Amino acid sequence: MKNKKEIGLDEWRLYDDLLHVLQMVKIHDLELYDVSEHATYTSCFAPVFQRHRVHSCFEKAQLVKTTGMLGYCFRCLAKPYRVVGLLCAVGVWYVLSHMVYGIEIKGSDPNCTKLIQDTLVQLGVTTPCYETTLQNIKQDLKKTLEHSIAWLEIEKIGSRYLISYTPKAFASVEELGHEELIAQQDGVIERFEVLHGNKLRKVNEFVHKGDVLVSNVIDTHDQTKTELFVKGRVFAYTWKDVSVTMEDDGMPKSMQYFDMLLQARSEISEQMKKDDRIYHENILQFSKELGKIKMVIHYTLIQDITTP
Amino acid sequence: MLSIHSNQIMMEHYQEVLAVSSVQISVRFDAYIVLISGKDLQILALASSEIYLNGKLESIEFVYEK
């Protein structure tokens, strides 16, 4: 039986003698606090929810005030403009809580992400907007992007939509050809990366430009020739000299050296294709003549000599 | 059941309050009547089965009815 005046109790004046009040409490299962007898009335506090029962038990009951937080709320709500303000606040809160201020798209393919963004704009789903049925957006997106997206899910997190998707993956079918692999330059074969075809040369064999390295024809045991698909690359050691010059700008010799070395590497890398690499680098000349510095570097490369 | 602590009494499962004043309160229980005497006796809380009193307690008397 904790006194709940801070939360809120009704203060009553009951125009009955104290003993009668106490007996009524027992009969009608009431709950009273701070009961005290005065000259003409009995004062007490009762929970707000018993207001109706107190009125029905005591004909001459007078409600003096309501204490605590409940009393404050009742007094606030007694003024119409405060009720209107409260209703407005609830309305604004309700509307704002149903607004969507952002759309986040999670997926692995940037093209699909862009496609979903564009489709949402076409469907009229642009932020900020009032939330709509997610199922409808999901169906519209799936219908529009059925060729691009395998799985799509939309959920509302706070005040934003989170769209997760998985793009459709298509297996790329590569058509094989019958073109022979022919050396595009001189070199010594370092390795073969051949999936299909008939190898005509061996590793460490010197080949010239124009030599057929992998053929599209193979001799079978019955002396007939069978045409093969050809696919692959042949890597070979090749050699190149790179010559770079620069004005003597008075910088320390080591700085000039490295500057020219980087310049030469940049030049040689422009001539390299995918998976090519520098095997060896040999400085042939580093000299200064008539105010100009000259560097000649001999490079041994491992290059794909079959790709034009 | 009576619980007494620092001039406060909690009585549970009472049947009826027989008399109330600032110097004496009598309450009927199943088998006896409790007479509480004191000064400035006040009912702090009251429910259908509990009474919580406060005041300067002087005596508590149990009267068994024949």
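A few points on the structure. Because the structure is predicted, anything quoted here is derived from the model rather than measured.

Cut-offs used in this document
Along each chain, residues carry numbers from 1 onward, in the same order as the chain's sequence is written. A letter from A marks each chain and a number from 1 marks each ligand, given out in the order of writing. Per-residue local features of the predicted model are confined to residues with pLDDT of at least 70, and side-chain atom pairs are confined, for both listing and counting, to 80 or more; whole-chain, interface and lining totals are unaffected and use all residues. Based on all heavy atoms of the structure, the side-chain values leave hydrogens and waters out of the count. For the purposes of this entry, the term helix denotes a DSSP run of H or I that reaches at least four residues, the term strand denotes a run of E that reaches at least two, and both are numbered from the N terminus. Partly exposed describes any residue whose relative accessible area lies between the buried limit of under 20% and the exposed limit of over 50%, with all areas from a 1.4 Å probe on protein chains only and scaled to the type maximum. The contact definition used throughout considers only heavy atoms, calling two residues in contact when any of these lie within 4.5 Å. What sets the accessible areas is the Shrake-Rupley method with a 1.4 Å probe; for residues, cover comes only from the shown protein chains. In this description, strands pair whenever DSSP reports at least two bridges between them. Note on definitions: buried area is the accessible-area loss of two parts on being combined, 1.4 Å probe, summed for both. Pairing of N or O atoms within 3.5 Å defines a polar contact, subject to two protein rules: one partner must be a possible hydrogen donor and the other a possible acceptor, and residues neighboring in sequence count only if both atoms are side-chain atoms. Classification convention: Asp, Glu, Lys, Arg as charged; Ala, Val, Leu, Ile, Met, Phe, Trp, Tyr, Cys, Pro as nonpolar; all other residues, Gly among them, as polar. Counting rule for disulfides: a pair of cysteine sulfur atoms within 2.5 Å. In summary, the pairing rule links any two rings of Phe, Tyr or Trp, Trp by its six-membered ring, whose centres are within 6.5 Å, and it sorts them by plane angle into stacked for under 30 degrees, edge-to-face for over 60 and tilted for everything else. Consider the ring centre and the ring normal. A charge sits over the ring if Lys NZ or Arg CZ is within 6 Å of that centre and within 35 degrees of that normal. Think of a nonpolar core as a cluster: buried Ala, Val, Leu, Ile, Met, Phe, Trp, Tyr and Cys residues, connected wherever their side-chain atoms sit within 4.5 Å. Only one rule defines a salt bridge in this text: a Lys or Arg side-chain nitrogen within 4 Å of an Asp or Glu carboxyl oxygen.

## Quick notes on the overall build of chain B
Next, step 1: Secondary structure assignment for chain B yields zero helices and six strands.
Next, step 2: Taking all 66 residues of chain B together, 44% fall into the buried category.
Next, step 3: If you take every contact in chain B between residues at least 6 apart in sequence, the share linking residues at least 24 apart comes to 43%.
Next, step 4: Here chain B has roughly 3600 Å² of accessible surface; of this, 49% comes from carbon and sulfur atoms.

## A closer look at the pairing of strand β1 (residues 2-5) of chain B
Residues and elements named next belong to chain B.
Next, step 1: Pairing between β1 and strand β2 (residues 8-12): four bridges, direction antiparallel. From the neighbouring strand, leucine 2 faces β2, where its bridge partner is methionine 11.
Next, step 2: Between β1 and β2, which pair antiparallel in sequence order, lie two residues; one of them, serine 6, sits at a positive phi of approximately 50°.

## Regarding the interface of chain B and chain A
Next, step 1: On the chain A side, the residues contacting the 18 residues of chain B number 14 residues.
Next, step 2: Carbon and sulfur atoms make up 60% of the area that chain B and chain A hide from each other, which totals about 1400 Å².
Next, step 3: It is Ile43(B), Leu46(B) and Ser48(B) that lose the most area in chain B upon contact with chain A, and together they represent 37% of the buried surface on that side.
Next, step 4: Linking chain B to chain A there are six residue pairs in polar contact (both at pLDDT 80 or more).
Next, step 5: Elements that contribute at least two residues to the side of chain B that touches chain A include exactly β3 (16-20), β5 (32-47) and β6 (50-64) of chain B.
Next, step 6: By residue number, the principal contributor to the side of chain B that touches chain A is β5(B), which donates six residues.
Next, step 7: Considering only residue class, the side of chain B that touches chain A consists of 12 nonpolar, four polar and two charged.
Next, step 8: Summarising the sheet, strand β2 (residues 31-37) of chain A and β5(B) pair through four bridges and their orientation is antiparallel. Bridge assignment links Leu32(A) to a residue of β5(B), and that residue is Leu46(B).

## Considerations on the state of the cysteines
All names here are of chain A.
Next, step 1: Counted under the stated rule, the structure contains zero disulfides over all chains.
Next, step 2: Cysteine cysteine 73 is unpaired, with the sulfur of cysteine 76 as its nearest cysteine sulfur at 6.4 Å.
Next, step 3: Using a relative accessible area of 37% as the deciding quantity, one classes cysteine 73 as partly exposed.

## Focus on the environment of Met295(A)
Residue and element names in this part refer to chain A.
Next, step 1: Looking at the element boundaries, methionine 295 is found in strand β19 (residues 292-304).
Next, step 2: With relative accessibility at 0%, the residue methionine 295 sits in the buried group.
Next, step 3: Setting aside residues up to four positions removed in sequence, methionine 295 forms contacts with Val242, Ser243, Val244, Tyr257, Met260, Leu261, Ile283, Gln285 and Phe286.

## A look at the packing of aromatic side chains
Next, step 1: All chains considered together, the criterion is met by seven aromatic pairs over all chains.
Next, step 2: Seen from their ring centres, Tyr32(B) and Phe62(B) are 5.3 Å apart, and the 65° between their planes marks the pair as edge-to-face. Note that Tyr32(B) is positioned in strand β5 and Phe62(B) in strand β6, a separation of 30 residues in sequence.
Next, step 3: One aromatic cluster is present, formed by Phe29(B), Tyr32(B), Phe62(B) and Tyr64(B) through successive ring pairs.
Next, step 4: Across the ring face of Phe45(A), the terminal group of Lys5(A) is positioned such that the distance to the ring centre comes to 4.1 Å.
Next, step 5: Cation over ring: Lys26(A) sits above Tyr14(B), and NZ or CZ is 4.5 Å from the ring centre.

## Regarding the nonpolar core
Next, step 1: Counting residues in hydrophobic clusters, the biggest one holds 32 residues, and the most contacted among them are Phe58(A), Met11(B) and Ile51(B).
Next, step 2: Per-element accounting of this core gives the leading share, six residues, to β5(B).
Next, step 3: The contacts of Met11(B), once residues within four sequence positions are left out, are Met1(B), Leu2(B), Val27(B), Phe29(B), Val34(B), Ile36(B), Ser49(B), Glu50(B), Ile51(B) and Leu53(B).

## Thoughts on the pattern of salt bridges
All names here are of chain A.
Next, step 1: For the coordinates displayed, the defined rule picks out 16 salt bridges over all chains.
Next, step 2: Across the pair aspartate 248 and lysine 288 runs a salt bridge whose closest N-O atoms are separated by 2.9 Å. Here lysine 288 lies in strand β18 (residues 277-289) and aspartate 248 lies in the loop between β17 (231-247) and α7 (253-270), a separation of 40 residues in the sequence.
Next, step 3: Judged by relative accessible area, aspartate 248 falls into the partly exposed class, the value being 32%.

## Things to note about the side chain of Thr42(A)
Residues and elements named next belong to chain A.
Next, step 1: Looking at the element boundaries, threonine 42 is found in strand β3 (residues 42-47).
Next, step 2: Classification of threonine 42 as buried rests on a relative accessible area of 0%.
Next, step 3: From its side chain, threonine 42 meets the backbone oxygen of aspartate 16 in a polar contact 2.8 Å long.
Next, step 4: When near neighbours in sequence (up to four residues on either side) are disregarded, threonine 42 contacts Trp12, Arg13, Leu14, Asp16, Asp17, Leu18, Val21, Val35, Ser36 and Glu37.

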